[in-house]
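Read off the chains here:
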Number of protein chains: 2
Amino acid sequence: MPEESNAVLTGPVQVVGTGLIGTSVALACRRAGLEVLLSDVVPDHVRTATGLGAGRPATPEDRPQLVVVAVPPDHLAEGVRDALAAAPDAIVTDVGSVKMAPLDALADQPGRERYVGSHPMAGSERSGPLAASENLFDGRPWAVTPGPGALPAGVRLVELLAEVCGGVVIRLRPDEHDRAVARTSHVPHLVSALVAGTLTGASADHLALSGQGVRDVTRIAGGDPDLYSQIISGNAAAVTALLGELRDRLDLALEAVRDGDRAGLSSLLAHGVAGTRAIPGKHGGPPRPTAAVRVAVPDHPGELARLFADAGDSGVNIEDVRIDHDPGRPFGLVELDVAAESVGELLGALESRGWAAHR
Amino acid sequence: MPEESNAVLTGPVQVVGTGLIGTSVALACRRAGLEVLLSDVVPDHVRTATGLGAGRPATPEDRPQLVVVAVPPDHLAEGVRDALAAAPDAIVTDVGSVKMAPLDALADQPGRERYVGSHPMAGSERSGPLAASENLFDGRPWAVTPGPGALPAGVRLVELLAEVCGGVVIRLRPDEHDRAVARTSHVPHLVSALVAGTLTGASADHLALSGQGVRDVTRIAGGDPDLYSQIISGNAAAVTALLGELRDRLDLALEAVRDGDRAGLSSLLAHGVAGTRAIPGKHGGPPRPTAAVRVAVPDHPGELARLFADAGDSGVNIEDVRIDHDPGRPFGLVELDVAAESVGELLGALESRGWAAHR
């Protein structure tokens, strides 16, 4: 590959913005033994992050090898511009959710060949340095999105940062990245919020019929509206295009339901089934057929431990777990997803140990 | 309450349609010691259900006290009509997902005062008698939806059936039931399918950025298109009304994103946050603030057991569990939801036992 280079990440790494993501990057770099320099417009955050062992406050004399700009979406382009100017030898990256807007804003910026955008797919509903963790990125996809003219050594350095932080590098063009996250993140978030919004109009006895389905569909709608408003607005073109497509299909669904067009409705639903199968499985492999084993579990400490101990003894690997929260339940209904061919084995093992289990 | 009566469920209970739900009702009634009679247009299913201990084949001489019609949505009204005629002393109920359509279809039916609709909120992605379980309804909401003129003793008998099967009775008017499930089930399902449908157009490297959010939003879209097409079509009026509202709000979202109306977008997202808070919490109580503790767990049998044993030792109750399936991960990231005030305690307990845990 022409972008290949022998860059080595030796540090120091400067982190600008010591919130959840920035402090987590700093802690992960410290874990790898790199020197880390911290700065933030909120001096208290730098003090807190320093106290957590994330690095030391940056000084004007420092010469970072790499600057990581981890500020809110609205201030990203400005943060990258300042970093390119303040550290004239450094490679500069950012960890923002949208990649085209900052690149466009930097089009005429001297030194822009030293900027390589990136986006770790990790976060939390919490914020601030106290929520940070050196483990936050372990095993997570980390998009690296060099713009035209980016230095190959800079691209490699940012990939090394992602790897040092435990992430799995996925290299994408900035415009591709933005279309990808519109599809896998921004539009699902927006639609989840719209569906959740329809629940505000319902009476308590109607909402008592809520099962796990509506809880799953609306879970991410609980995220911070101001942060997601910044993120989605920053990706307006890709989100608008995809949301327009979705609106057209919603109109088709509305017509099909209203007109009793059973075939049309089935076709839309079948298209959805195909979509769920397109999401990659664990370890990036193709999705493997799994099936659920459902177990009634008394709702107090220790019972889940007993269940997982018994399940572990069966030798069957558990691919996923859900706990069903229907109201009025005197116990939890736990769903264990296992490979389809292992259902009988797990059921037998659990029933022989006294669990009320079923498919 | 004027509908109160001293009805007692003594059986026999006849189950018409021995698929997943019908056979599960039969098994639950057998668990309670009731005599159960089975019938189905597919004789093989009756044989299978009989073999499972769900009851015995019905004969023309039988005099059931209660008939439970558990046939596909499209055949429900016909099934109830046949049952009212064939068992002139029996109370008849059904377990369908929609309540107004069969009631309307039975408006001129002699004996319709003996029909009391019901709807257990339980199911599975599997079907047929072999997927059935006597535990299927334990702790689940079970809507009982008497139409005008329904016999009070019949209403009580159907509530007793729900209780015998382990369900939690929620009495609703049939039209209210249909509006409630449009909101808590049918529209979320349809929208989940539409979002999932947008994934079919994406390339593999775009889908590699999929996180837990899009997986949650699209999970229920994996359900059987033909079954959901019957269910949603049977509730066309309520679904159309709510879907129309949702379409209008999608248009607002589209305009807000396209025009850079940050306040409008934030307001829609905040409306979604309010909706997630409207869903009732465990045991029907108000939602309690929970927070997630994230733990890296090697992806092989026994490790989850060790984690839950250590978590159980901490004395902290686990409200929910998720296993994150990001591709490329050499281990699972397990998220444990616990009461917000217990996060520190659980984190401390896990870290002291060597787990890589964070908020």
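Above this text sits the structure in question.
The structure displayed is predicted, hence computed values, not measured ones.

S.K.: Would you take a moment to explain the overall build of chain A for this structure?
M.R.: Along its length, chain A carries 13 helices and 12 strands. When its C-alpha atoms are laid out on the principal axes, chain A stretches across 65 × 55 × 45 Å. Here chain A, with 359 residues, has 59% of them falling under the buried criterion. In chain A, 69% of the contacts between residues at least 6 apart in sequence involve partners at least 24 apart. Surface exposure of chain A reaches about 13,400 Å², of which carbon and sulfur atoms provide 53%.

S.K.: Mind showing me how you'd approach the nonpolar core here?
M.R.: Across soluble globular proteins, nonpolar side chains have a tendency to be buried as a group. Grouped together as the largest cluster of nonpolar side chains are 51 residues, with contacts concentrated most on Leu190(A), Leu243(A), Leu190(B) and Leu243(B). Contributing elements (two or more residues each) for this core: α6 (174-199), α10 (236-258) and α11 (262-278) of chain A together with α6 (174-199), α10 (236-258) and α11 (262-278) of chain B. The dominant element in this core, judged by the number of residues it contributes, is α10(A), at 11 residues. Excluding residues within four positions of it along the chain, Leu243(A) makes contact with Val187(A), Leu190(A), Val191(A), Leu250(B), Ala253(B) and Leu254(B). Listed in part, the 42 residues of the second largest apolar core include Leu346(A), Ala357(A), Phe308(B) and Ala357(B).

S.K.: So what exactly am I meant to see when it comes to the interface of chain B and chain A here?
M.R.: Reports of interface size often rely on the accessible area that becomes lost once the parts have come together. Contacts between chain B and chain A engage 134 residues on the former and 132 residues on the latter. When chain B packs against chain A, close to 11,900 Å² is buried across both sides, 65% of that on carbon and sulfur atoms. There are 6 salt bridges connecting chain B and chain A. The salt bridge involving Arg219(B) is made with Asp216(A); its shortest N-O contact spans 2.5 Å. Put simply, chain B and chain A have 22 residue pairs in polar contact (both at pLDDT 80 or more) between them. Considering every element that reaches the side of chain B that touches chain A, the biggest residue donor is α6(B), with 19 residues. Counted by class, the side of chain B that touches chain A contains 65 nonpolar, 40 polar and 29 charged residues.

S.K.: Even after reading the chapter, I still don't get unusual backbone geometry, so can you show me in this structure?
M.R.: Among all residues save glycine, negative phi is the norm, and among peptide bonds the norm is trans. For the bond running from Gly11(A) to Pro12(A), omega is -5°, close enough to zero to count as cis. Along the chain, Pro12(A) turns up in the segment before β1 (13-16).

Rules behind the numbers
- Residues numbered from 1 in each chain as written.
- Chains lettered and ligands numbered in written order.
- Predicted model: local features only at pLDDT ≥ 70, side-chain atom pairs only at ≥ 80, totals over all residues.
- Heavy atoms only, no water.
- Helix = DSSP H or I, 4+ residues; strand = E, 2+ residues; numbered from the N terminus.
- Buried < 20%, exposed > 50% of the residue type's maximum accessible area, 1.4 Å probe, protein only.
- Contact = heavy atoms within 4.5 Å.
- Areas by Shrake-Rupley, 256 points an atom, 1.4 Å probe, with all protein chains shown as cover.
- Core = buried A, V, L, I, M, F, W, Y, C linked by side-chain atoms within 4.5 Å.
- Buried area = accessible area lost by both parts, 1.4 Å probe.
- Salt bridge = Lys/Arg side-chain N within 4 Å of Asp/Glu carboxyl O.
- Polar contact = N/O pair within 3.5 Å; in protein donor to acceptor, adjacent residues only side chain to side chain.
- Nonpolar A, V, L, I, M, F, W, Y, C, P; charged D, E, K, R; others polar.

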